[in-house]
Amino acid sequence: MFLVESNEDSLLEIIKRKGQPYFERGYNAVIEDRPLRTFNEAADIIKPKLLECVSNEWWAEALACMFARCYIAGIVAAARLFAPDLVA
């Protein structure tokens, strides 16, 4: 299953680890000058992928929103480095 890793990992640690690639994608989008997505667009892209792993739509929606936040956080972090005057 999607969230089952090991008994030693807490749920929060697992979610942080799963969210890291989305943060990196958002960060790389700024560096590579690719079109940036909004929060809703990112969540809409991520949710169908999660539905393949999670049978509960509520969990898929919740996790998609969390991963979309990671993506947007990556965008903001990169923007602060490259254009600090634009990020206020």
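Just so you know, these numbers come straight off a predicted model, no measurement behind them.

How each quantity is defined
Residue indices begin from 1 for each chain and proceed along its sequence in written order. Under the rules for a predicted model, residues below a pLDDT of 70 receive no local features and side-chain atom pairs below 80 are neither given nor counted, while totals for whole chains, interfaces and linings still include all residues. The side-chain values count all of the structure's non-hydrogen atoms but skip hydrogen atoms and water molecules. Axis lines are fitted to C-alpha atoms, over the contacting stretch for helices. Their N-to-C directions set the angle, which ranges from 0 to 180 degrees. The numbering of helices and of strands both runs from the N terminus, where a helix is a DSSP run of H or I of at least 4 residues and a strand a run of E of at least 2. Any angle between 65 and 115 degrees counts as roughly perpendicular, while under 35 counts as roughly parallel, over 145 as roughly antiparallel, and the rest as oblique. Note: crossing handedness is left-handed where the near helix turns anticlockwise from the far helix by less than a right angle, and right-handed where it turns clockwise. In this description, contact between two residues means that some pair of their heavy atoms is separated by no more than 4.5 Å. Each residue receives one of three labels: charged for Asp, Glu, Lys and Arg, nonpolar for Ala, Val, Leu, Ile, Met, Phe, Trp, Tyr, Cys and Pro, and polar for the others, Gly being one of them. Helix span is expected to be 1.5 Å times the residue number reduced by one. Residue exposure (1.4 Å probe, protein chains only): buried if accessible area is under 20% of the type maximum, exposed if over 50%, otherwise partly exposed. In this description, a nonpolar core means a group of buried Ala, Val, Leu, Ile, Met, Phe, Trp, Tyr and Cys residues linked to one another through side-chain atoms lying within 4.5 Å.

**Student:** Explain the packing of helix α2 (residues 39-51) against helix α3 (residues 57-82) here, please?
**Tutor:** The packing of two helices is summarised by the inter-axis angle and the distance between the axes. Between α2 and α3, the shortest axis-to-axis distance is 8 Å and the interhelical angle comes to 135°. The angle between α2 and α3 places the two elements in the oblique class. Handedness of the crossing formed by α2 with α3: right-handed. For the pair α2 and α3, the contacting residues are Phe39, Ala42, Ala43, Ile46, Lys47, Leu50 and Leu51 in the first and Glu57, Ala60, Glu61, Leu63, Ala64, Cys65, Phe67, Ala68, Arg69, Tyr71 and Ile72 in the second. Each residue belonging to the contact of α2 with α3 can be placed in one class, and the counts come to 14 nonpolar, no polar and four charged.

**Student:** Looking at this structure, I do not really get α2. What am I missing?
**Tutor:** Since the α-helix advances by 3.6 residues per turn, residues separated by three or four positions end up pointing in the same direction. In this model, α2 (13 residues) spans 18 Å end to end at C-alpha, consistent with the 18 Å of a helix rising 1.5 Å per residue. Among the residues of α2, those classed as buried are Ala42, Ala43, Ile46, Lys47 and Leu50.

**Student:** How do you make sense of the nonpolar core when you look at a structure like this?
**Tutor:** Tyr22, Ile46, Leu50, Leu63, Phe67, Ala68 and Tyr71 are the most contacted members of the largest nonpolar core, which has 17 residues in total. Elements supplying a minimum of two residues to this core: α1 (11-31), α2 and α3. In terms of residue count, the dominant contributor to this core is α3 (nine residues). Look past the residues within four positions of Ile46 in its chain and what remains in contact with it is Tyr22, Ala64, Phe67 and Ala68.

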